[in-house]
Each structure stands twice: as C-alpha cells, then as structure tokens.
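# Coordinate analysis (summary)
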Amino acid sequence: MRGSSLRRPVMIQRLRQIAVTIKIKHLLCCCIVLAFVLFATRASNLMGWTSDDDATALRYSTPRKRYAILMNTWKRHDLLKQSISHYTTCMGVESIHIVWSEPDPPPDSLVAFLQRTVKENSRNDREIKLRFEMNKEDSLNNRFKEIKNLNTDAIFSVDDDVIFACSTLEFAFTVWQSASETMVGFVPRMHWIDQAQEEMGKYIYGGWWSVWWTGTYSMVLSKAAFFHSKYLGIYTHHMPASIRNYVSKNRNCEDIAMSFVVANVSGAPPVWVKGRIYEIGSGGISSLGGHSERRSKCVNTFVEEYGGMMPLVRSTVKAVDSRHLWFW
Ligand SMILES: *[C@@H]1O[C@H](CO)[C@@H](O)[C@H](O)[C@H]1NC(C)=O
C-alpha cells in the first residue's frame, strides 16, 4: 500500500514530462511547417519571380494575340446570357460570335442585355466585339461557317452550356499558341480499332470511359476547343460535301468531322488540356441512348470519304498548368 502511494506521484511526474516533450515536439513541427508554407508563398516574391499586370496586359496587346469565342446556341437564352456574361470578363477575348440558327432573329431584350454586358466589362477602352452569325437553315454545319472580318487566328469553339474559368481558358490558349496547327481542348475522345473478325478495318468511337482508362485519345471535341480560324474555311469549302450532308442529315458528328479536317491538314494529334468544366445546362446529346453506335458510324463513314485513310492521330499528352502541380 505505502509503496504504491509513494510511486504514484513519481509516475504522474514522468507522464507530465513526456506530455511536455510531446507538446514541444508538436509545436516545433508546426513551426517548421508554417515556416515552410510562408517561405513557399513568399519565395517567388522575394526572388523577384512575379509576373505583373503590365506583363499580362502586354500578352493580349494586339488582336492577333487574343482569341475569338465561337458559341453555338439553340433556344436557351438564359444559358446564353449566363455564359456570355462570364466570357466577357476574360482578358484574352477579342470578339464573341454567337451562331444563331433559330427561325426567329434574336429578341431585342436579349440583344440589349448582351450589349450592356459587353459594355460593362470592357476595360482600357477596349470593347469586346459581339456578333450574331445569322443562318437561315438549321444545320450543325452552321457552327463552322467562315466568319467575315475576323481579327484573330485563334478560335475557342464552345457550347452555350459549358463554362470554364478565365484562368483555365487562358492556359489553354497558351497551349494552342505552342501548337496552333492542331486542336487544343478539354474533352478528349478516341477511335478504337474494332477487334471483331467480321468488322475488319472498322473503328469504334471511344467515349470518356475508354479515354480515362487508357489515357489515349485522338480527338478533342469542339464543344470546348481552340483551333485556327483557317479550319472554318476548309470545313465549309474543302471538306467533301458528302460529309457536310451527312452531318446535316443525321444532326450529329460535326465535331468528329472537324477533328478529321484538322488532323488531315496538320498530320498531328490534338492536345488535351486539363481543366475543370462547369456544366450549366442539364442533359446533353450524349445522355441519349445509342449515342456510341451513331458516333462509330460517323467515324467509319468519314474514313470512307477520306478514301479509306484514317487521318486521326492518337496521343497520350495531357497539358497541365505547372503552377498547380505541387511536385516537379
Ligand atoms: C487530306 O489531305 C490530303 C493531303 O493534304 C488532301 O490531298 C486530301 O484532299 C485531304 N482529304 C480530304 C477529304 O480533305
């Protein structure tokens, strides 16, 4: 009895000592981590590694250094307002072209809203040009009609229901500037060789899952991609009319046709850029059944139109903003 009551305070003391040591070690660790974080955030400032606003302004100083937004829309004026309002805040945008294929012209209220938005977001006396590209007939080929008086080489083709942060867009634009002959985009797809015996020389359209699983792709979809404006002319005037007719009739695959055009001219694969996509509408064509078979049919039909030659080139490159990579 006596012995244990004597020993207890000793034990408690030892325990206290251990607790204090652990606390000190903990505190030290925290200090080191904090110091590291502080250093990491301040290092670039201390070393003079900052890119200032002047440099950013200079980057987009002439129209040729900026890009045009080519937006496809169809009877969703709220989405259109939302996405145009967003894109007018991006530094590199020179002009916005809305592909209009509805039977009625855009309502006055819509036009007024968009013009007001553009005015409000113009800076340094530079106003973004806003134009409706009017079409009489409703065809998916409208999306790639040649644009008159275009000031930029770069076009960002985008659907009205997807939004990218300006920083993401500007990163993709610099990728395109490094590879302006090809398509640079956010939605990769693949053509796989059909392994079935009776389907010799045929292809299967590979959706998101197959690209995710293999990291391999050969197209980026024009629902969100940069490409050179010259490809609009080639699509409209030099691509076989049979392909345009097929697209029109089947109301599908204008994006695959454009991928074929760019690949056939450039001989190069597209570039997939990492970026977050914010979808503001709900449900696209890809949620419909039988989508994959229809897309495979497009690929195989277009290959025939190209004389049996598959122009698409596969790639496994993914462009990532190195500022967002923690480890080199
Ligand atoms: C593909 O490119 C080749 C060589 O540049 C050209 O001769 C051919 O017409 C192009 N094919 C199509 C279908 O545009």
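About the thresholds
Residues numbered from 1 in each chain as written. Predicted model: local features only at pLDDT ≥ 70, side-chain atom pairs only at ≥ 80, totals over all residues. Heavy atoms only, no water. UniProt positions renumbered as here; feature names shortened; annotations may be inferred. Phe/Tyr/Trp six-rings, centres within 6.5 Å; stacked < 30°, edge-to-face > 60°. Buried < 20%, exposed > 50% of the residue type's maximum accessible area, 1.4 Å probe, protein only. Helix = DSSP H or I, 4+ residues; strand = E, 2+ residues; numbered from the N terminus. Lys NZ or Arg CZ within 6 Å of the ring centre and 35° of its normal. Salt bridge = Lys/Arg side-chain N within 4 Å of Asp/Glu carboxyl O.

Labelled according to an unreviewed UniProt entry, the chain appears under the name Glycosyltransferase family 64 protein C4 isoform X1, originating from Cucurbita moschata. A UniProt comment under Sequence similarities (unreviewed entry) is attached to the chain, and it reads "Belongs to the glycosyltransferase 64 family."

Given two aromatic rings, one states the distance between the centres and the angle between the planes to describe the pair. Per the counting criterion, the structure on display carries 19 aromatic pairs. Look at phenylalanine 156 and phenylalanine 164: their rings are 6.0 Å apart centre to centre, the planes differ by 80°, and that puts the pair in the edge-to-face class. Overall, the relative accessible area of 0% leaves phenylalanine 156 in the buried class. Measuring from centroid to centroid gives 5.7 Å for tryptophan 209 and tryptophan 212, while their planes differ by 90°, and the two rings are edge-to-face. On the criterion of helical spacing, the pair formed by tryptophan 209 and tryptophan 212 is a turn pair, its members being 3 residues apart in helix α6 (residues 208–214). Members of the aromatic cluster, joined through ring pairs, are Tyr67, Phe156, Phe164, Phe173, Trp176, Phe186 and Phe226. Over the ring of phenylalanine 113 we find lysine 81, and its NZ or CZ is 5.0 Å from the ring centre.

With the rule as written, the count across this model stands at 14 salt bridges. With a shortest N-O distance of 2.8 Å, arginine 76 and aspartate 160 are connected by a salt bridge. Here arginine 76 is found in the loop between β1 (67–72) and α3 (77–87), whereas its partner aspartate 160 is found in the loop between β4 (154–159) and β5 (162–163), with 84 residues between them in sequence. Classification of arginine 76 by relative accessible area gives partly exposed; the value is 30%. By relative accessible area, aspartate 160 is classed as buried at 1%. For glutamate 94, the salt bridge goes to lysine 129, with nearest N and O atoms at 2.8 Å. Here glutamate 94 is found in strand β2 (residues 93–100), whereas its partner lysine 129 is found in strand β3 (residues 129–134), with 35 residues between them in sequence. Here the residues in one salt-bridge network are Arg66, Glu94 and Lys129, joined through shared partners.

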